[in-house]
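Below are the chains, spelled out letter by letter.
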Protein chains: 2
Amino acid sequence: MNDQVTPNFRPLYQQIKEVLLSRIVSGEWPPGTFIPSESALSQQYGVSVGTLRKALDALANENVVIRRQGKGTVVATHDSDRSLFQFFHLVRLDGERSLPISRVLVRERRKAEAIEAEALGMEPGDEVIHIRRIRELDERPALLEDVVVSATRFTGLEEEPQPLPNTLYHLYQQRFGVSVAHAEERLFAIAAGSEEQEHLGVEVNTPLLEIRRIAKDLQGNPLEYRVSRCETQHHYYLNEL
Amino acid sequence: MNDQVTPNFRPLYQQIKEVLLSRIVSGEWPPGTFIPSESALSQQYGVSVGTLRKALDALANENVVIRRQGKGTVVATHDSDRSLFQFFHLVRLDGERSLPISRVLVRERRKAEAIEAEALGMEPGDEVIHIRRIRELDERPALLEDVVVSATRFTGLEEEPQPLPNTLYHLYQQRFGVSVAHAEERLFAIAAGSEEQEHLGVEVNTPLLEIRRIAKDLQGNPLEYRVSRCETQHHYYLNEL
DNA sequence: GAGTGGTCTAGACCACCCC
DNA sequence: GGGTGGTCTAGACCACTCC
C-alpha cells in the first residue's frame, strides 16, 4: 500500500481487508457484483497476491464475499442459498428446512420504546418503524414477529411496495444499501398470551420460544431489533456448535 | 508426503491435516501437550512449511488445536478458557457469563431408551450410563440435566470419583481419551412438570427452555445425548450468528 | 539468543469456468 | 485459450516467549 505508512502496527492484510470492506460498504461494489481479480487488486495496492488473498479469504470467512474458483469473487447477497439460512434456525421436526411465508399484520411509524431504543443505540423517543407479521411454515402459523428499525435509517419502509418481500434483509440490502452481517440472539421460554392465541392458534399459556435478535451491519452497528415468538410443537430451533 | 501416492485428488494440506488429526485422536499427542514445530513437521512429511501451516490453521479453526506465537501449537483441552463456553450458552440477564456448579441426583447404568439409542447410534436395549444433575448459577438452580452415554464406551463412568467434576467433557477427555469437538442442539419450549417444580423451584407449567444436545467427537461420531431443562427468568440462551 | 508461530513476498502450476 | 481462484513452494523478516 502506498498510503497508510502509519507507525501503528497492524498486519498489512488486515489493512487491505478493511479498505476492501469500506469499498463494499460505500456501495462501490454493490451486493451481487464481481470485484476485481486478485492480481488486479494486488497491483492496485502494491502488495503481493498472497497478502491480498489473505484479506479476501478473511472476508469470505465472514460471509461478506463469496469466492468461486474459475469465476471470481462476488459480494454476498441475502438471496444466495448460503445466506438464506444463516439467520433462520427453525427446522421442522423431521429435520427438513424451508423458508417461511410472511403475512404482515401491522406496519407503522411510532416512537421507540425504551428497550428498542437501547437495542438499536437510539434515544428513547426517536422514531422507529414497526412491522408485525405472521410467518407460516408448511401452511401453519409458526412465528409471530415484531420487527423494529430506525425510521431515519429506513425512511420510507413503512410505505414500501405493499407485499413486503419474504426476506426483509434482502430488502434492506437492495432498497437501503445495508447488509445484515451478524446478529445476536437471546432465547427465552415464555407463556402464550391472547395475541399468540389469536395468531398462532395455540392455547393461552402454551410454552413458546421467544427469540430477541439484534441484527448488525458489516461494521457491527445495530440495524434491527426483532422479537419472534415461536411455537415448538411442530418445529425446533437448531444450533450447531 | 511419501505415502499417499493415490490418484484420488485431494489437496495436500487436507491430507496432512487428517494425518495430524489421526495422530491426535490416537493419543500420540494427548490434549494439553505441544506438538512438534511447523518446521519439524514439514521436514517429517516432506512438504513446505506453508502447506503444513494451512493444515494446522485448519485444525486451529476447528478448535482442535490452539496456536500461540512464540510458544507453539498445543492440543486443545476442555479446561481452556476458550473452550469452556463453547458448549455453555446460558447467560445471566445482565450479560455476565459464569460456569454452573453441579449436584448429581442420579447415576445409573440401564438400557437405552429408543430416542437415546437413535441419538447415539446404538441399538435399542444397549446399555447406557445415565447421569441426572442440577446445575446452579449464582446459587440458584438453573438447569435440570439428563446426560446419557454409551456404557461400553464409557465403562466405569457410573463408579467414577464420587464428586463428579463440574465439566463432564474434561472428564471424558482425561479419563476416556475422547474429546467433544462439535454438538448439535435442538431447542424447544416446554411446560415444567413436577420434577422441574421440585428441582428448579418453579411452579408447574412454568415455560422452560429444553435443550436436546448430541455431542460429537473429532470425527463426528455421537458421544453423548443430553437433555437440559432451563429456567429463563434469570438467564437466557445466547447465540451469536 | 534461540525457537516458535505470524507476516509477506514472488513465482510456478493446477482445477475450474466460460467463450 | 484465457482468466479466475486454489494449491504448493522457498525464503526472508517480524513479533512473541522463554531462558
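Residues numbered from 1 in each chain as written. Chains lettered and ligands numbered in written order. Predicted model: local features only at pLDDT ≥ 70, side-chain atom pairs only at ≥ 80, totals over all residues. Heavy atoms only, no water.

Naming follows an unreviewed UniProt entry, where chain A appears as HTH gntR-type domain-containing protein of Litchfieldella anticariensis.

Draft legend 1. Representation of the protein's contact with DNA strand C in the model. Around DNA strand C sit 22 residues, and of these Leu12(A), Thr51(A), Lys54(A), Gln69(A) and Glu38(B) come closest. Counting only atoms of DNA strand C within 4 Å of the protein, the sugar-phosphate share comes to 75%. Within the side chain of Ser48(A), one N or O atom sits 2.9 Å away from a phosphate oxygen of DNA strand C. A distance of 2.8 Å is found between a phosphate oxygen of DNA strand C and a backbone nitrogen or oxygen belonging to Glu38(B). Listed by contribution, the elements that provide at least two residues to the surface near DNA strand C are helix H1 (12-25) and helix H3 (49-61) of chain A together with strand E2 (65-68) and strand E3 (72-75) of chain B. Per element, the largest residue contribution to the surface near DNA strand C is three residues, and it comes from H3(A). (Near = heavy atom within 4 Å. Polar contact = N/O pair within 3.5 Å; in protein donor to acceptor, adjacent residues only side chain to side chain. Helix = DSSP H or I, 4+ residues; strand = E, 2+ residues; numbered from the N terminus.)

Draft legend 2. Main features of the packing of H1(A) against H3(A). Residue and element names in this part refer to chain A. Where H1 meets H3, the closest approach of the two axes is 8 Å, and the angle between their N-to-C directions is 55 degrees. Here H3 runs oblique to H1, going by the angle between their axes. Seen along the crossing, H1 lies across H3 with a hand that is right-handed. Facing Leu12, Tyr13, Ile16, Lys17, Leu20 and Leu21 of H1, the residues of H3 in contact are Thr51, Leu52, Lys54, Ala55, Leu56, Ala58 and Leu59. (Axes fitted to C-alpha atoms, helices over the stretch in contact; angles between N-to-C directions. Parallel < 35°, antiparallel > 145°, perpendicular 65-115°, else oblique. Left-handed = near helix turned anticlockwise from the far one by under 90°. Contact = heavy atoms within 4.5 Å.)

Draft legend 3. View of the interface of chain A and chain B. In this assembly, 25 residues from chain A lie in contact with 25 residues from chain B. Roughly 2,300 Å² is buried in total at the junction of chain A and chain B, and carbon and sulfur atoms are behind 57% of that figure. Taken as a group, Ala189(A), Asn239(A) and Leu241(A) account for 30% of the area that chain A buries against chain B, more than any other trio of residues on that side. On the surface where chain A and chain B come into contact, there are zero salt bridges. Linking chain A with chain B are 12 residue pairs in polar contact (both at pLDDT 80 or more), by the criterion used here. Looking at the side of chain A that touches chain B, the elements with two or more residues in it are strand E8 (182-191), strand E9 (207-216) and strand E11 (235-240) of chain A. (Buried area = accessible area lost by both parts, 1.4 Å probe. Salt bridge = Lys/Arg side-chain N within 4 Å of Asp/Glu carboxyl O.)

Draft legend 4. Representation of the relation of the copies chain A and chain B. Overlaying chain A with chain B gives an RMSD of 0.1 Å, the required rotation being 180 degrees about an axis along which the chain moves by 0.0 Å. Overall, the copies show the geometry of a two-fold rotation axis. Closest to the rotation axis within chain A is the C-alpha of Pro207(A), separated from it by 2.5 Å. Both copies present the same face, since 100% of the interface residues in chain A are matched by interface residues at the equivalent positions in chain B. (Least-squares fit on C-alpha atoms with pLDDT ≥ 70 in both.)

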